[in-house]
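Structural overview for review
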Amino acid sequence: MRVRIALAEKGIKYEYKDEDLRNKSPLLLQMNPVHKKIPVLIHNGKPICESLIAVQYIDEIWNDKAPLLPSDAYQRAHARFWADYVDKKLYDYGRKIWTTKGEEQEAAKKEFLDCLKVLEGELGDKLYFGGDNLGFVDVVLIPFYSWFSVYEALGNFSTEAESPKFIAWAKRCLEIESVAKSLPDQHKVHDFVMLMRKKFGLD
Amino acid sequence: MADPEVVMFNFWASPFGTRVRIALAEKGIKYEYKEEDLKNKSPLVLQMNPVHQKVPVLTHNGKPVCESLVIVEYIDEVWKDKSPLLPSEPYQRAQSRFWADYVDKKFHEVARKVGTSKGEEQETAKKELFDCLKLLEAELGDKPHFGGDNIGFVDVALIPFYDWVYACEKCAHFNIETECPKFTAWAKRCMQNESVANSLPDQHKVYDLVMLTRKKYGLD
């Protein structure tokens, strides 16, 4: 989704290929032999793997429109740090909320909510992490919003009650066309997760 | 005379810290070095890296940069007139970032497992380590360094782990030169680079630290 938002922000037309994760296409496996994962961006036949790397690549190649990373080196380092934080912390704890239960899930929920507060602290009074416009960290973080109804249902909490600033930021992002068009429907994500949980005997 | 603008907080054995040291050396940057006791971190480090509370941390004009690969890219961008570490071409840059990320996501974890396990678990980790190294050897190909003729971003990301490979060899009983000769040849070439040779901690000291830690956790 991060890559989709970046492509949309830059107004790039592209061919989209959906993958069945249980039956990955030979082309995908050929384009990402190391990790065998999506997303993979192919530009002029050459693959770019790992979402943060693909988004940076898009930002560098199509640098005439909607810059995602700041031009100042320190601000750029700052943006990369927070994107890395989202990947290292938020993603893992979010994943644990929907793939575990009981005490393990409770612990993950607490860590997850702590992460949101740290991110709220970083956002401060800015409209977006990127300032007045969507930036690298916004693109990296907003896709998780599609999963929030799942986290809330399984973790039994309300993000709006716990982190209202975060929700306000997410809603601002969703008003942006490239974000709104790129995010999957929250309900579809919810149904998918419930199916997976049943399959793994968690419900 | 150290440039008071640049300060590095580190733990001597950290391969992540070594990355930053190599980058600073390659660029010829003078800086103040502050060694941290990981069991008793200084208030300044905790203030500079409140999120992760880890080293290495680089401060430049008082402003902190954290996470080793983020720091190395920052150094490369600010001091861009000398020894470029990342390629100028975007696709090549993406490839460099991919392989540095691979070192962090896969190689580092596997090497860590070899050093902190025993028996069957260690044997499995050892096999995974060789698989990682062979993949890296394939990526290296016939180039003298991942960066080409000179050391680049991926070389800087990976070479600090060579010290730890020595420790792994000893506690998991293998010979890296036999298993992965190309990797060993690459590492030796890197060690001929002055910035690398001056930045890597002593292999034997790292080994002693690993053995001490293993004893502490009842692994030996």
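Source: prediction; values computed, not measured.

1. Let's talk about the overall build of chain A
When its secondary structure is counted, chain A shows 11 helices and two strands. Secondary structure elements of chain A occur, N-terminal to C-terminal, as α-α-β-β-α-α-α-α-α-α-α-α-α. Here the C-alpha atoms of chain A give a radius of gyration of 17 Å, agreeing with the 17 Å that 2.2 N^0.38 yields for 203 residues. Here the C-alpha coordinates of chain A stretch approximately 45 × 45 × 25 Å along the principal axes. Across the 203 residues of chain A, 49% fall into the buried class. Here the analysis covers contacts within chain A between residues at least 6 apart in sequence; of these, 68% occur between residues at least 24 apart. For chain A, the accessible surface area stands at approximately 10,600 Å², while carbon and sulfur atoms represent 52% of it.

2. Considering the side chain of D76 of chain B
Residue and element names in this part refer to chain B. Tracing the backbone through its elements, the reader meets D76 in helix 3 (residues 68–78). Since its relative accessible area comes to 8%, D76 is described here as buried. Setting aside anything within four residues of it in sequence, one finds D76 in contact with K27, S83, P84, L85 and L86.

3. Observations concerning the interface of chain B and chain A
Across the contact, 26 residues belong to chain B and 25 residues belong to chain A. Taken together, the two surfaces of chain B and chain A that pack against each other cover about 2,300 Å², and 66% of this comes from carbon and sulfur. The largest per-residue losses of area from chain B upon contact with chain A belong to Y91, R97 and F98 of chain B, which jointly make up 26% of the total buried on that side. Put simply, chain B and chain A have seven salt bridges between them. A salt bridge links E77 of chain B to R80 of chain A; its shortest N-O distance comes to 3.0 Å. Scanning the region where chain B abuts chain A turns up 10 residue pairs in polar contact (both at pLDDT 80 or more).

4. Some thoughts on the UniProt feature "domain: GST N-terminal" (unreviewed entry) in chain A
As recorded in UniProt, the feature "domain: GST N-terminal" (unreviewed entry) lies at residues 1–66 of chain A. The distance separating the terminal C-alpha atoms of residues 1–66 of chain A is 17 Å; by composition the span is 38% helix and 12% strand.

5. What to know about the sheet that holds strand 3 (residues 57–60) of chain B
All names here are of chain B. On the basis of which strands lie adjacent, the open sheet formed by four strands has the order 2-1-3-4 and mixed pairing. Of all the strands in the sheet, just strand 2 (32–35) and strand 4 (63–66) have a single pairing partner and so form its edges. This sheet shows a mean twist of 20° between the axes of neighbouring strands, independent of strand direction. By the bridge criterion, four bridges tie strand 3 to strand 4 in an arrangement that is antiparallel. Bridge pairing in strand 4 links H60 to K63.

6. A word on helix 5 (residues 119–140) of chain B
Residue and element names in this part refer to chain B. For helix 5, spanning 22 residues, the distance from its first C-alpha to its last is 31 Å, which sits close to the expected 32 Å at 1.5 Å a residue. Among the residues of helix 5, Q122, A125, K126, L129, F130, C132, L133, L136, E137 and L140 are the ones counted as buried. Within helix 5, the buried residues cover an arc of 165° as seen down the axis, which keeps them to one side. Exposed and oriented more than 90 degrees from the buried face of helix 5 are E120, K127 and A138. Elements in contact with the buried residues of helix 5: helix 4 (90–115), helix 6 (153–158), helix 7 (161–172), helix 8 (176–179), helix 9 (181–191) and helix 11 (203–216). A positive backbone phi angle near 60° is found at G141, which sits one or two residues after helix 5.

7. Examining unusual backbone geometry
The step from I38 of chain A to P39 of chain A runs through a cis peptide bond, and the omega angle for that step is 5°. Each neighbour pair has its own omega, and for V55 of chain B with P56 of chain B the value is 5°, a cis peptide bond. Tracing the backbone shows P56 of chain B in the loop between helix 2 (43–48) and strand 3. The phi angle at Q53 of chain B is positive, at roughly 55°, despite the residue not being glycine. Structurally, Q53 of chain B is set in the loop between helix 2 and strand 3. Residue Q53 of chain B is classed as partly exposed on the basis of its relative accessible area, which comes to 39%. The residue S83 of chain B is not glycine, and still its phi comes out positive at about 45°. Structurally, the position occupied by S83 of chain B is in the loop between helix 3 and helix 4. A relative accessible area of 25% means that S83 of chain B is categorised as partly exposed.

8. Here we look at the UniProt feature "domain: GST C-terminal" (unreviewed entry) in chain B
Per the UniProt record, "domain: GST C-terminal" (unreviewed entry) is found at residues 89–219 of chain B. The annotated region residues 89–219 of chain B carries 77% helix and 0% strand content, and the separation between its end C-alpha atoms amounts to 46 Å.

9. What to know about the packing of helix 1 (residues 15–26) of chain B against helix 3 of chain B
Residue and element names in this part refer to chain B. Close contact between helix 1 and helix 3 brings their axes to 9 Å; oriented N to C, the two are set at 5°. For the element pair helix 1 / helix 3, the angle class is roughly parallel. Here F16, R19, V20, A23 and L24 of helix 1 come into contact with helix 3, specifically with S68, L69, I71, V72 and I75. Classifying every residue of the contact of helix 1 with helix 3 gives eight nonpolar, one polar and one charged.

Parameters and conventions
Residues numbered from 1 in each chain as written. Chains lettered and ligands numbered in written order. Predicted model: local features only at pLDDT ≥ 70, side-chain atom pairs only at ≥ 80, totals over all residues. Heavy atoms only, no water. Helix = DSSP H or I, 4+ residues; strand = E, 2+ residues; numbered from the N terminus. Rg over C-alpha atoms; globule rule 2.2 N^0.38 Å. Buried < 20%, exposed > 50% of the residue type's maximum accessible area, 1.4 Å probe, protein only. Contact = heavy atoms within 4.5 Å. Areas by Shrake-Rupley, 256 points an atom, 1.4 Å probe, with all protein chains shown as cover. Buried area = accessible area lost by both parts, 1.4 Å probe. Salt bridge = Lys/Arg side-chain N within 4 Å of Asp/Glu carboxyl O. Polar contact = N/O pair within 3.5 Å; in protein donor to acceptor, adjacent residues only side chain to side chain. UniProt positions renumbered as here; feature names shortened; annotations may be inferred. Pairing = 2+ DSSP bridges. Axes fitted to C-alpha atoms, helices over the stretch in contact; angles between N-to-C directions. Expected span 1.5 Å × (residues − 1). Arc of directions from axis to C-beta. Parallel < 35°, antiparallel > 145°, perpendicular 65-115°, else oblique. Nonpolar A, V, L, I, M, F, W, Y, C, P; charged D, E, K, R; others polar.

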